[in-house]
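# Summary of the model geometry
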Amino acid sequence: MIHRDNAGPVCSLRFVTLLVALSPELLPLGASVQLQDNGYDGVLVAINPQVSEDQKLIPNIKEMITEASFYLFNATKKRVFFRNIKILIPTTWKANNYSKVKQESYEKANVIVADWYGTHGDDPYTLQYRGCGKEGKYIHFTPNFLLNENLTAGYGPRGRVFVHEWAHLRWGVFDEYNNEKPFYINGQNQIKETRCSSDITGIFVCEKGPCPQENCIISKLFKEGCMFIYNSTQNATASIMFMQSLSSVVEFCNASTHNQEAPNLQNQMCSLRSTWDVITDSADFKNSTPMNGTELPPPPTFSLLQAGNKVVCLVLDVSRKMAEADRLLRLQQAAEFYLMQIVEIHTFVGIASFDSKGEIRAQLHQINSDDDRKLLVSFLPTTVSDDAETSVCSGLKKGFEVVEKLNGKAYGSVMILATSGDDRHIDNCLLTVFSSGSTIHSITLGSSVAENLEELSHLTGGLKFFVPDKSNSNSMIDAFSRISSGTGDIFQQRIQLESSGEIVKPYHQLRNTVTVDSSVGNDTIFLVTWQTSGPPEIVLFDPNGRKYDTNNFTNNLALQTARLWIPGTAMPGHWTYTLNNTHHSLQALKVTVTSRASSLAVPPATVEAYVERDNTHFPHPVMIYANVRKGFYPIVNATVTATIEPETGDPVALKLFDDGAGADVIKNDGIYSRYFFSFAVSGRYNLKVHVHWSPSISSLAHSIPGSHATYVPGYIANGNIQMNAPRKSMVRSEEEQKWGFSRVSLGGSFSVLGVPAGPHPDMFPPCKIIDLEAIKLEDEVTLSWTAPGEDFDQGQATSYEIRMSKSLQNIQDDFNNTILVNTSKLNPREAGTKEIFTFLPKLVTNEPEDQFDGETQDSCRIYVAIRAMDRSSLESAVSNIVQITLFISQNSAPIPARDCLILKGVLTAMGLIGIICLTIVAIHYILNRKKRTAKKENGTKLL
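Residues numbered from 1 in each chain as written. Predicted model: local features only at pLDDT ≥ 70, side-chain atom pairs only at ≥ 80, totals over all residues. Heavy atoms only, no water.

## Quick look at the sheet that holds strand β43 (residues 720–723)
Spatially, the 5 strands line up as an open sheet ordered β13-β12-β16-β42-β43, and their pairing is mixed. The two strands at the open ends of the sheet, each matched to only one other strand, are β13 (209–210) and β43. Bridge count for strand β12 (residues 202–206) against strand β16 (residues 227–231) is 4 bridges, and the pairing is antiparallel. Of the residues in β16, the one forming a bridge with Phe204 is Phe228. (Pairing = 2+ DSSP bridges. Helix = DSSP H or I, 4+ residues; strand = E, 2+ residues; numbered from the N terminus.)

Below you can see the structure in the form of structure tokens.
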């Protein structure tokens, strides 16, 4: 949102805030989960429409969260619990007097219940795409996990698992186990299991039973058939993020129990901080205090919701400003496409328009056929009014009148609001919108729209889009294509394969290829739009070379659109289109291609684009994300490009990466990320993402990323080994892909304030290094990391500063005063490339510091971190911290002692040589003197 000096909206928002404080049940979905008086309100659990109805599922969900509430309350030392939970029942289940939804939808859920679409495995997991201490996207449970009682032996009680995942989702902590590195070498040069706390006990088990450690480990790897089995009875009370299934575990690892040496994701992502340290640093804990008394909180209350009929109303601006920059024409084209192709069958649709007053153009009409769609299209506005005033509230009022005629309320309805007017009185209807139960998706056209328009969407959990006044921008159609029913049924939703637009010179062409992959192809539509009175010459070839031309398209000359529907399932492969501008002048030609899933057995690849925050202030960057998936499996090695359109100026293309560096937190999780900071002007920006994948490289990750609850293979109970059922692997069948795929998705709009009008000094530092790793080889330490840029993750930094210390606290809190490593020969490389640097950590091993935990006289643990500088001396944040244990040979004295001994030896030798020389000289002198004396005596006798 853009907020300037406007007292009206600010006062209204303060009023809304006060209302929320007094009435938590009126909290908007856009505000997500709220913590009030130690209780969480508004947690939304949604069941996927593809999940079969089972009468045990809802009671088991209730039981799980009720158990979790009390467990969480004790684990957080009486700080938080779950007060009320909403469970969204899919419309594919039978109606059972469930409450009607308001703004709730599957896409907004904090917890989803869904199958893996034919694959096996029931690991609960949380999708985390941001850094330490940042909220995740959702928790995922399979129906089998919630229904199969046998799984509790491996995962533990479901309530404990829910708390484990909630800590991932809400507080941004990570797992304290590591299946890929189940053990490590500790500070005493001993092999230890990756765990937290270190007090959790167990034994090595071979094929024939318990066995010594040396029988299980070969070259730092577990021997086949070996594993480490934990005792079922423990004294350790931590940690929930390691093994929540142990009955003794009732708390998170804190400063006294945290295992800093363990090579787990918590240590890597949070720079060796304990989970409790991260949790207590969260806003939840900073803004609350523990509850008094000894009583437990009340059990959570549950509301069961189910959507009714799908109801949509288009609320369209027809004021004078809509005549500018072909706004009305582009709105007509997009609305027609939405009504004819996007909106799902059996949906009730109405149309309202507004300038300074509102008008109902079409009452609700249910779509059951193409004739119903065409009838609704006929009610779209065709002209703009002479009225320069716009009243969004008047338009929404008429929209509410339309939808309320079906059931008397607007609950569960959707408003698609498109406007270009500068309405300064939107705050007058914020409260009405806030309590309507309707979701408002807003589409702003041009740069003169009221600054607080998007607040309508924010309050109701709707989407926000911005359409710039550029004739070659396809963002209007993209926005309508992005709006779905919100049911979560990907098999019924439209998938956008192509969106392109160019200003084409006279007698020139727009030519491109779009890939229709085998997972889509049903109900495929090619849409062409143009500017002038007549259509371009259209030529389309399918993969077999069959030709479609302009005569095969259905033309609407009034709206300047041409549409081709491919019957049945479109042939998979590359479709090539050519648009010839046969007119004497420049004109914008645009193409949109959409389709639906070809089969209920295989989910199509999808992309969801979004930003971390929908507003920022210069020079803070915007973090852009694109979640690319096939079902729940991440798609890796794709080419993902974000296009950012400002209000004025040219669009910016930005390639996104899934490399675990810069803005991207976790490598190969299917979430592609990047910093965006090339702000042209203050105002709104529109985000669109294109995804292309080539069949020459692997696409699906081999496992589901995210933070998983631990599955325990077995326990030692009363000295006996009790194994659980083998954990089902998440095996996926990757069908042969000959053509790759392409996808397009609009990510909505965001706003930037405070961008300088002219040239400005460099204000963008290098981004934080988040993937620093360290390996010790003999006496040397080798560091590796991904190079940051001159500006965040772009360009080339100027220098690095590497520091080390024997104290973790010192390097965390006082980085500048720790020991500096000589990096004079280390020159930064281009952003995104791998850096490797080796050094001898002699200085720190000889520091006269106190011995720390985990150290012996023969070992020394050091901590290392790095930061980058640019040519303007702007510094990045300090990187993640790594630790290395150095072992000092008992047969060699410390370096300063050896130097001293050598010096003493040299001086002693020199002293002895000096004495010998003096002795020889003295003897020589004495002998010579005796000879002279003898000669004198002989001479006297002769005389």
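On we go.
## Focus: the packing of helix α2 (residues 57–75) against helix α5 (residues 158–171)
Where α2 contacts α5, the two axes come as close as 8 Å, and the packing angle between them is 70°. The orientation of α2 with respect to α5, classified from their angle, is roughly perpendicular. Residues Asn60, Met64, Ile65, Glu67, Ala68, Tyr71 and Leu72 of α2 form the contact with α5, whose own contacting residues are Arg158, Gly159, Arg160, Phe162, Val163, Trp166 and Trp171. Looking at the contact of α2 with α5 residue by residue, the classes come out as 9 nonpolar, 2 polar and 3 charged. (Axes fitted to C-alpha atoms, helices over the stretch in contact; angles between N-to-C directions. Parallel < 35°, antiparallel > 145°, perpendicular 65-115°, else oblique. Contact = heavy atoms within 4.5 Å. Nonpolar A, V, L, I, M, F, W, Y, C, P; charged D, E, K, R; others polar.)

## Comments concerning the packing of aromatic side chains
Taken as a whole, this structure holds 41 aromatic pairs when the rule is applied. Geometrically, the ring pair formed by Tyr230 and Phe242 is edge-to-face, given 5.7 Å between the ring centres and 80° between the ring planes. Of the two residues, Tyr230 sits in strand β16 while Phe242 sits in helix α6 (residues 240–243), which places them 12 residues apart along the sequence. There is no split in this pair, since Tyr230 and Phe242 are both buried. An aromatic cluster of three or more residues is present, and its members are Phe618, Tyr675, Phe676, Phe677, Phe679, Tyr685, Phe750, Phe764 and Phe792. (Phe/Tyr/Trp six-rings, centres within 6.5 Å; stacked < 30°, edge-to-face > 60°. Buried < 20%, exposed > 50% of the residue type's maximum accessible area, 1.4 Å probe, protein only.)

## Some thoughts on the confidence of the model for the protein chain
Across the protein chain, pLDDT averages 88, with 87% of residues at or above 70. Between residues 848–854, whose pLDDT stays under 50, and residues either more than four places distant or in other chains, the model counts 12 contacts. (pLDDT = per-residue confidence, 0-100.)

## Notes on the sheet that holds strand β26 (residues 520–529)
Pairing is antiparallel in the open sheet, where 5 strands are placed in the order β24-β32-β26-β30-β29. Both outer strands of the open sheet, β24 (495–504) and β29 (554–556), are each paired with one neighbouring strand and no more. Strand-to-strand twist in this sheet, taken as the mean axis angle between neighbours without regard to direction, amounts to 15°. Bridge analysis of β26 against strand β32 (residues 587–597) gives 7 bridges, and the strand direction is antiparallel. Within β32, the residue paired with Ile525 across the bridge is Thr594. Relative to the sheet, helix α15 (residues 475–482) contacts β24, β26 and β32, its axis offset from that of β24 by approximately 170°.

## Concerning the pattern of salt bridges
In the structure shown here, the tally under the stated rule is 33 salt bridges. Where Glu149 meets Arg158, a salt bridge forms, and the shortest distance between an N and an O atom there is 3.3 Å. Looking at Arg158, the relative accessible area reads 7%, which means it is buried. Taking the shortest distance from any N to any O, the salt bridge between Arg195 and Glu193 comes out at 3.2 Å. (Salt bridge = Lys/Arg side-chain N within 4 Å of Asp/Glu carboxyl O.)

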